[in-house]
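Residue-level listing of the chains:
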Amino acid sequence: PPAPKPETFGDMMNFGGYLPEVNNGRLAMLGFIAGVPAEISTSQPIFQQVAEHPLAVAAHIVIFSVASAMPRLQGEKTAKPESSEFGVWMA
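Throughout this description, residue numbers start from 1 for each chain and increase along the sequence as written. The predicted origin of the model limits local features to residues at a pLDDT of at least 70 and limits the giving and counting of side-chain atom pairs to 80 or more, whereas totals for whole chains, interfaces and linings rest on all residues. Side-chain figures throughout are based on the complete set of non-hydrogen atoms in the structure, without hydrogens or water.

(A) Layout of the overall build of the chain. Secondary structure counts use DSSP, requiring at least four H or I residues in a row for a helix and at least two E residues in a row for a strand, with both numbered from the N terminus. On a plain count of helices and strands, the chain comes out with four helices and zero strands. Secondary structure elements of the chain occur, N-terminal to C-terminal, as α-α-α-α. The cut-offs for exposure are 20% and 50% of the maximum accessible area for each residue type, with area from a 1.4 Å probe on protein chains only; residues under the lower value are buried, those over the upper are exposed, and the others partly exposed. Out of the 91 residues in the chain, the part that is buried amounts to 18%. Taking as baseline every contact in the chain between residues at least 6 positions apart, the subset at least 24 positions apart corresponds to 49%. The Shrake-Rupley method, run with a 1.4 Å probe sphere, supplies the accessible areas, and residue values consider only the shown protein chains as cover. For the chain, the accessible surface area stands at approximately 6800 Å², while carbon and sulfur atoms represent 70% of it. Throughout, a residue-residue contact means that at least one pair of heavy atoms, one from each residue, lies within 4.5 Å.

This is how it looks when you write it as structure tokens:
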């Protein structure tokens, strides 16, 4: 059989792809884990902190999104969330 075609970034990001769900989950966890302690320690609402530091927020989103895609872009066979190979917890 022919070798499987490597996934492109577009394949991973399409509606049924692997990356949107992984990114949403990881960015939600990052927002909660970083936002709640920052709000408690500074007494500023999260929305105010985001408004005052939009480049820092954007940089973290880009860094986490690229880091989430790297294993697949390098050709590793990570399990897709919907696969039964490892289940949703090993994506």
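(B) How the structure looks around the side chain of Ser65. Residue position: Ser65 is located in helix 4 (residues 54-73). A 3.5 Å cut-off defines polar contacts: any pair of N or O atoms within that distance qualifies, except that in protein one atom must be a possible hydrogen donor and the other a possible acceptor, and neighbouring residues in sequence count only when both atoms are side-chain atoms. A polar contact is formed between the side chain of Ser65 and the backbone oxygen of Ile61, at a distance of 2.8 Å. Other than its neighbours up to four places away in sequence, Ser65 contacts Asn23 and Leu27.

(C) Molecular detail of helix 4. By this rule the span expected of a helix is its residue count minus one, scaled by 1.5 Å. For helix 4, spanning 20 residues, the distance from its first C-alpha to its last is 28 Å, which sits close to the expected 28 Å at 1.5 Å a residue. Three or more residues of helix 4 are buried, namely Ser65, Ser68, Ala69 and Arg72. Each element contacted by the buried residues of helix 4 is listed here: helix 1 (9-13) and helix 2 (19-42). Looking one or two residues past helix 4, Gly75 carries a phi angle of roughly 95°, positive in sign.

(D) Layout of a nonpolar patch on the surface. Nonpolar side chains (Val, Leu, Ile, Met, Phe, Trp, Tyr) within 5 Å and like charges within 9 Å form the patches, drawn only from residues with over 30% relative accessible area and no salt bridge. What makes a salt bridge here is a side-chain nitrogen of Lys or Arg within 4 Å of a carboxyl oxygen of Asp or Glu, nothing more. A cluster of nonpolar side chains, namely Phe9, Met13, Val62, Val66, Met70 and Leu73, defines an oily patch on the protein surface of about 510 Å² accessible area. Looking at the nonpolar patch, the elements with two or more residues in it are helix 1 and helix 4.

(E) Summary view of the layout of surface pockets. The calculated volume of the largest pocket comes to roughly 420 Å³. In this structure, the largest pocket is lined by 14 residues; those nearest its centre are Gly31, Ala34, Gly35, Val50 and Val57. When residues in the lining of the largest pocket are grouped by element, the largest group, six residues, is from helix 2. Residues belonging to the lining of the largest pocket are distributed by class as follows: nine nonpolar, five polar and no charged. Within this scheme a cavity is a closed region of a 1 Å grid, computed over the protein atoms alone, that accommodates a 1.4 Å probe without allowing it to escape, whereas a pocket is open but has protein on both sides within 12 Å along at least five of seven lines; lining residues each have an atom within 4 Å of a point. Grid points are joined across faces, edges and corners, and a volume is the space filled by probe spheres set on the points. Ten residues, namely Ala, Val, Leu, Ile, Met, Phe, Trp, Tyr, Cys and Pro, are considered nonpolar, four, namely Asp, Glu, Lys and Arg, are considered charged, and the remaining ones, Gly among them, are considered polar.

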